[in-house]
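# Structural characterization, general
Chain by chain, the residues:
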Amino acid sequence: MAPVLPLVLPLQPRIRLAQGLWLLSWLLVLVGGLTLLCSGHLLVQLWHLGTFLAPSCPVAVLPQVALAASAVALGTGLVGSGASRASLDAAQYPPWRGVLGPLLVAGTAGGGGLLVLALGLALALPGTLDTGLEEGLGTALANYKDTEVPGRCQAKRLLDELQLKHHCCGRHGRIQSNVEGLYLIDGVPFSCCNPHSPRPCLQSQLSDPHAHPLFDPQQPNLNLWAQGCHEVLLGHLQGLASILGNMLAVTFLLQTLVLLGLRYLQTALEGLGGVIDGEGEAQGYLFPAGLKDMLKTAWLQGGVARRPAPEEAPPGEEPPKEGLPEA
Amino acid sequence: MALLKVKFDQKKRVKLAQGLWLMNWLSVLAGIIIFGLGLFLKIELRKRSDMMDNSESHFVPNSLIGMGVLSCVFNSLAGKICYDALDPAKYAKWKPWLKPYLAVCVLFNIVLFLVALCCFLLRGSLESTLAHGLKNGMKFYRDTDTPGRCFMKKTIDMLQIEFKCCGNNGFRDWFEIQWISNRYLDFSSKEVKDRIKSNVDGRYLVDGVPFSCCNPNSPRPCIQYQLTNNSAHYSYDHQTEELNLWARGCRAALLSYYSNLMNSVGAVTLLVWLFEVTITIGLRYLHTALEGVANPEDPECKSEGWLLEKSIPETWKAFLESVKKLGKGNQVEAEGVDAGQAPEAG
């Protein structure tokens, strides 16, 4: 039974592999840490803007999954650096022999799965954000006047602070910023005012050309913020999500490389029986045999174990470890 | 009778030198921190120099920056000395420089302490600078057409929004100046003409404030104009209304911000000063312990280290004597004065 993707590894290339792996692992730790921080930042931003996102919109799932994925990547990096360091030293390697196998499985399944999920979510985010913001901002605007209603009394303050901080007015612009309901006026709250305007802010009777001298509502002017809060928030959050998505892609790439390198190193050293400085040429491989053969061996082994076992062990093969092929 | 004598054997000397080496490199880090803090303070003062008439004193941040750089230099030098102290050959070349170096270190510590004190004392001068600067800033609020002052409106609006304040001491300051530019006043209207005639300087004064004074915490939409006229607004009493506008004046807000900043910076500087004093004392002990090694060929021998060779009053007397001698240095003296009595500079 032929091993899958075999690679001959004499001593020098083995040492090079271990050293390169050590570097890659620390790089993975760095990138994993940065991704962790980035997803934490996104989570905090989403928490702050929670009032303006519809509660039914599960936007917070992305940063949470990204957090978990980057933690696993960090762990993989640390394991990788430890193992590659140990593989250069005969005394340190034995304790790693037993642990490395299960860790590789965990890293591939857990880390890979989470990363792919996070990447998928990052791509799907803009659509959900759009609808969530639309609904959330609409509700907030409608609740602006309800400063006496418990549960909604913070809407005015939060919306004012949002408009002051993000330099926006209304949902898609000031036209829709009117208080919906009974008393509609063509005026805006003070938080829509743009400090860059050379004249004191005009907030009321905005569509009446005769109400204010020397002010033409049709002309573009600096009086109020021109952008709507929907666009501003969408752009802001999408920017953060795209940065996170890029970092997740880099983490995924690095993690794949580290896991592959670790697998080759592990199988090469197993081939030598765990002797580090053995001059012999070892063969590293991804899987001991093709998928069909592995399943057959597993089936046979399971069958053999149920009957009283004859004395021969299955030919010196490692029991199949992974059921899923590498991506 | 030496001051604070401590016995040293070889192992203790080595430990002292190693400990001092580590502390010196930590102190270089502390020096970098002080440098960073000074830079940060300078940038913060610069950011709001418009509010202070561009006349604020940059003494504190500049001295912090200088102290940070000096601390890095001195401490890396001291680290090198401590590293070489364990090797008699290398130490020999540093020996003549150590005494003046220690004197410089003591001077540096004194100056660092004074700078730390200044951080706490700057508040007073800042208060008057702010009061002046804000008053002038508010006067230029309406000059959005005058080149060189056209940014003042934006600056003050952003300041009031960010620091949650209104006016110099309170919102009534806005009632006393004309903050609406003449360009946006309709001089054909009777109301405008009445207002301008009603005061000596012909200014258009209103009992209103700019929008940036508005407090988002208020349950009702912001009332900016006719603030003292209760009948102009439904269910409004200007004497009991609290949440409508920001109550604090910008002078108090900025002052408290800068005071907090400088108190923290001062506290950090004091901690670094304590650390430096410890290092200087340790270096002095190392110096005297190594001097006290009687036989340079036998590194194992014990020695004594002290802070001052004689007690404080005697050292002070000796110091004064040497200063007097320096004064009489050009005079030819009949009796040979023992000039070998080197003063133990503290």
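Basis of the calculations
- Residues numbered from 1 in each chain as written.
- Chains lettered and ligands numbered in written order.
- Predicted model: local features only at pLDDT ≥ 70, side-chain atom pairs only at ≥ 80, totals over all residues.
- Heavy atoms only, no water.
- Contact = heavy atoms within 4.5 Å.
- Buried area = accessible area lost by both parts, 1.4 Å probe.
- Polar contact = N/O pair within 3.5 Å; in protein donor to acceptor, adjacent residues only side chain to side chain.
- Nonpolar A, V, L, I, M, F, W, Y, C, P; charged D, E, K, R; others polar.
- pLDDT = per-residue confidence, 0-100.
- Helix = DSSP H or I, 4+ residues; strand = E, 2+ residues; numbered from the N terminus.
- UniProt positions renumbered as here; feature names shortened; annotations may be inferred.
- Core = buried A, V, L, I, M, F, W, Y, C linked by side-chain atoms within 4.5 Å.
- Buried < 20%, exposed > 50% of the residue type's maximum accessible area, 1.4 Å probe, protein only.
- Disulfide = S-S within 2.5 Å.
- Patch = residues over 30% accessible without salt bridge, like charges linked within 9 Å, V, L, I, M, F, W, Y side chains within 5 Å.
- Areas by Shrake-Rupley, 256 points an atom, 1.4 Å probe, with all protein chains shown as cover.
- Salt bridge = Lys/Arg side-chain N within 4 Å of Asp/Glu carboxyl O.
- Expected span 1.5 Å × (residues − 1).

## What to know about the interface of chain B and chain A
Every contact between the two is made by 23 residues of chain B and, on the other side, 20 residues of chain A. Carbon and sulfur atoms make up 69% of the surface buried where chain B meets chain A, a total of about 1900 Å² over both sides. The largest share of the area that chain B buries against chain A comes from Tyr184(B), Phe211(B) and Pro216(B), three residues that together contribute 35% of it. The tally of links from chain B across to chain A stands at six residue pairs in polar contact (both at pLDDT 80 or more). Classifying every residue of the side of chain B that touches chain A gives twelve nonpolar, five polar and six charged.

## Remarks on the confidence of the model for chain B
Residues and elements named next belong to chain B. When pLDDT is averaged across chain B, the result is 87; 93% of the residues are at 70 or more. In the predicted structure, residues 335–346 sits below a pLDDT of 50 and forms 13 contacts with residues beyond four places in sequence or in another chain. The ipTM assigned to the predicted complex is 0.74, against a pTM of 0.77.

## A word on the environment of Phe120(B)
Along the chain, Phe120(B) falls in helix H3 (residues 88–121). Not counting the four nearest positions on each side in its chain, Phe120(B) is found in contact with Asn263(B), Gly266(B), Ala267(B) and Leu270(B).

## A closer look at the UniProt feature "transmembrane region" (unreviewed entry) in chain B
All names here are of chain B. Listed under "transmembrane region" (unreviewed entry) in the UniProt record, and renumbered for this structure, are residues 20–41 and 101–122. Along residues 20–41, the helical share is 100% and the strand share 0%, with 31 Å between the first and last C-alpha atoms. Along residues 101–122 the backbone is 95% helical and 0% strand, and the end-to-end C-alpha distance reaches 31 Å.

## What about the nonpolar core?
Inside soluble globular proteins, nonpolar side chains tend to come together where they are buried. In this structure, Met51(B), Leu64(B), Tyr101(B), Leu126(B), Trp174(B) and Val209(B) are the most contacted members of the largest nonpolar core, which totals 83 residues. Looking at this core, the elements that each hand over two or more residues are helix H1 (10–47), helix H2 (59–84), H3, helix H4 (123–139), helix H5 (152–163), helix H6 (190–197) and helix H7 (250–291) of chain B. Among the elements that take part in this core, H7(B) stands out by supplying 13 residues, more than any other. When residues no more than four places from it in sequence are discounted, the contact partners of Tyr101(B) are Phe74(B), Leu77(B), Ala78(B), Ile81(B) and Leu283(B). Listed in part, the 36 residues of the second largest apolar core include Val59(A), Leu125(A), Leu133(A) and Ala241(A).

## Things to note about the UniProt feature "transmembrane region" (unreviewed entry) in chain A
Residues and elements named next belong to chain A. Here the UniProt feature "transmembrane region" (unreviewed entry) sits at residues 21–44, 64–83, 103–125 and 240–262. Secondary structure across residues 21–44 divides into 100% helix and 0% strand, with the first and last C-alpha atoms of the span separated by 34 Å. Along residues 64–83 one finds 100% helix and 0% strand; the C-alpha atoms at either end are 29 Å apart.

## As for the state of the cysteines
In this structure the tally under the stated criterion is six disulfides over all chains. Each sulfur of the disulfide joining Cys169(A) and Cys192(A) lies 1.9 Å from the other. What sets the handedness of the Cys169(A) and Cys192(A) disulfide is the S-S torsion sign, and at about 85 degrees it is right-handed. Note that Cys169(A) is positioned in the loop between helix H4 (155–166) and helix H5 (229–271) and Cys192(A) in the loop between H4 and H5, a separation of 23 residues in sequence. The exposure class of Cys169(A) is buried, given its relative accessible area of 0%. Note on Cys192(A): relative accessible area 0%, which makes it buried. Across a sulfur-sulfur distance of 1.9 Å, Cys166(B) and Cys213(B) are joined as a disulfide pair. Taking the sign of the S-S torsion, 80 degrees for the link of Cys166(B) and Cys213(B), the bridge is right-handed. Of the two residues, Cys166(B) sits in the loop between H5 and H6 while Cys213(B) sits in the loop between H6 and H7, which places them 47 residues apart along the sequence. Here the two residues Cys166(B) and Cys213(B) agree in accessibility, since each one is buried. Each bonded cysteine in chain B gets a number by its place in the sequence, and the pairs come out as 1-6, 2-3, 4-5. The disulfide pattern of chain A is 1-6, 2-3, 4-5 when the bonded cysteines are numbered in sequence order.

## Notes on a nonpolar patch on the surface
All names here are of chain B. Taken together, the side chains of Trp21, Leu22, Trp25, Leu26, Leu29, Ile32 and Tyr83 define a hydrophobic patch exposed on the protein surface, amounting to about 730 Å² of accessible area. The leading source of residues in the nonpolar patch is H1, at six residues. Here Ile32 shows up in helix H1.

## Brief notes about H5(A)
Between its first and last C-alpha, H5(A) extends 62 Å over 43 residues, near the 63 Å set by a 1.5 Å rise per residue. A positive phi of about 75 degrees marks Gly273(A), the residue just after H5(A).

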